[in-house]
Amino acid sequence: DAGVTQSPTHLIKTRGQQVTLRCSPKSGHDTVSWYQQALGQGPQFIFQYYEEEERQRGNFPDRFSGHQFPNYSSELNVNALLLGDSALYLCASSSGAVFYEQYFGPGTRLTVT
Amino acid sequence: AQKVTQAQTEISVVEKEDVTLDCVYETRDTTYYLFWYKQPPSGELVFLIRRNSFDEQNEISGRYSWNFQKSTSSFNFTITASQVVDSAVYFCALYLSGYSTLTFGKGTMLLVSP
């Protein structure tokens, strides 16, 4: 049973560029949440997708957008990258019936230069 | 608004010592869940325990134990006879049913030396 997978593992981008990160949820899960973890900090909630809709959103600017596909996989897009967007981006999946049981992927480490 | 505070930034112990990680949370909700996660250097968050707000029974699982006290809004985590493999960053997190998201503390880095 595959757990949560994320791609790519590492990414280096330049300021002003755009980036897309991908997440495949654990088998049987239909909800995907994205978190940003800056160095030395705890993860911060970006948004959550359920039934292909953005269900909840944290305090992040509109440069951060997402999408959920019919197979429940999800993408996180960040436009106009800033140096401050450098972080570990974590994806967590859960079942709509049990939102609090969130299983995390290994993360994508984004470096903006 | 909800908040999780982990006052200990870094703790260093020698193998076989017991260590307690502190967590204090703030919420006005009466229904919530509390979690501890472990984050090794690889980066993946590993789930350790979940407690709901109606279950103050403390638990021991192997070398791990938890102390949940609603009166002081604390959810502390103890590792008995620590091992080098316990070295990681430990996060306490709060889940509110109305928000469906996790609010994390800043983490406590635990270094266990041989």
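Structure: above.
Summarised in this report is the structure supplied together with it. (Residues numbered from 1 in each chain as written. Chains lettered and ligands numbered in written order. Predicted model: local features only at pLDDT ≥ 70, side-chain atom pairs only at ≥ 80, totals over all residues. Heavy atoms only, no water.)

**A few points about the pairing of strand E11 (residues 101-104) of chain B**
Regular strands have side chains that alternate between both faces of the sheet.
Residues and elements named next belong to chain B.
Consideration 1: Alternating positions in E11 separate into two faces, Thr 101 and Thr 103 on one and Leu 102 and Phe 104 on the other, with burial throughout.
Consideration 2: Sheet analysis places strand E10 (residues 88-96) next to E11, joined by four bridges and oriented antiparallel. From the neighbouring strand, Leu 94 faces E11, where its bridge partner is Thr 103.
Consideration 3: Once E10 ends, the chain turns through four residues before running back antiparallel as E11, passing Ser 100 with a positive phi of about 60°. (Buried < 20%, exposed > 50% of the residue type's maximum accessible area, 1.4 Å probe, protein only. Helix = DSSP H or I, 4+ residues; strand = E, 2+ residues; numbered from the N terminus. Pairing = 2+ DSSP bridges.)

**Describing the pattern of salt bridges**
Consideration 1: Within the structure shown, the criterion is met by six salt bridges over all chains.
Consideration 2: Of the charged contacts, one joins A:Glu54 and A:Arg57 as a salt bridge, the two residues approaching to 3.1 Å between their closest N and O atoms.
Consideration 3: Note that B:Arg51 is salt-bridged to B:Asp55, the shortest N-O span being 3.8 Å. (Salt bridge = Lys/Arg side-chain N within 4 Å of Asp/Glu carboxyl O.)

**What about the interface of chain B and chain A?**
Consideration 1: Taken together, the 19 residues of chain B in the interface contact 19 residues of chain A.
Consideration 2: Approximately 1,600 Å² of surface area, both sides summed, lies buried where chain B meets chain A, with 54% of it carried by carbon and sulfur atoms.
Consideration 3: At the boundary of chain B and chain A, one finds one salt bridge.
Consideration 4: The tally of links between chain B and chain A comes to four residue pairs in polar contact (both at pLDDT 80 or more).
Consideration 5: Contributing elements (two or more residues each) for the side of chain B that touches chain A: strand E5 (32-39), E10 and E11 of chain B.
Consideration 6: Here the element with the most residues in the side of chain B that touches chain A is E5(B); it accounts for four residues. (Contact = heavy atoms within 4.5 Å. Buried area = accessible area lost by both parts, 1.4 Å probe. Polar contact = N/O pair within 3.5 Å; in protein donor to acceptor, adjacent residues only side chain to side chain.)

**Overview of the state of the cysteines**
Consideration 1: Using the criterion set out here, one finds two disulfides over all chains in the structure.
Consideration 2: For A:Cys23, the disulfide goes to A:Cys91, at an S-S distance of 1.8 Å. The chirality of the disulfide connecting A:Cys23 with A:Cys91 is left-handed, given an S-S dihedral of about -55°. With A:Cys23 in strand E3 (residues 19-24) and A:Cys91 in strand E9 (residues 87-95), this residue pair connects regions lying 68 residues apart in the sequence. Taken as a pair, A:Cys23 and A:Cys91 share a single burial class, namely buried.
Consideration 3: Disulfide pairing is shown between B:Cys23 and B:Cys92; the S-S distance is 2.0 Å. Around the S-S axis, the bridge from B:Cys23 to B:Cys92 shows a dihedral of about -65° and counts as left-handed. You can see B:Cys23 sitting in the loop between strand E3 (19-21) and strand E4 (24-26) and its partner B:Cys92 sitting in strand E10, a full 69 residues away along the chain. (Disulfide = S-S within 2.5 Å.)

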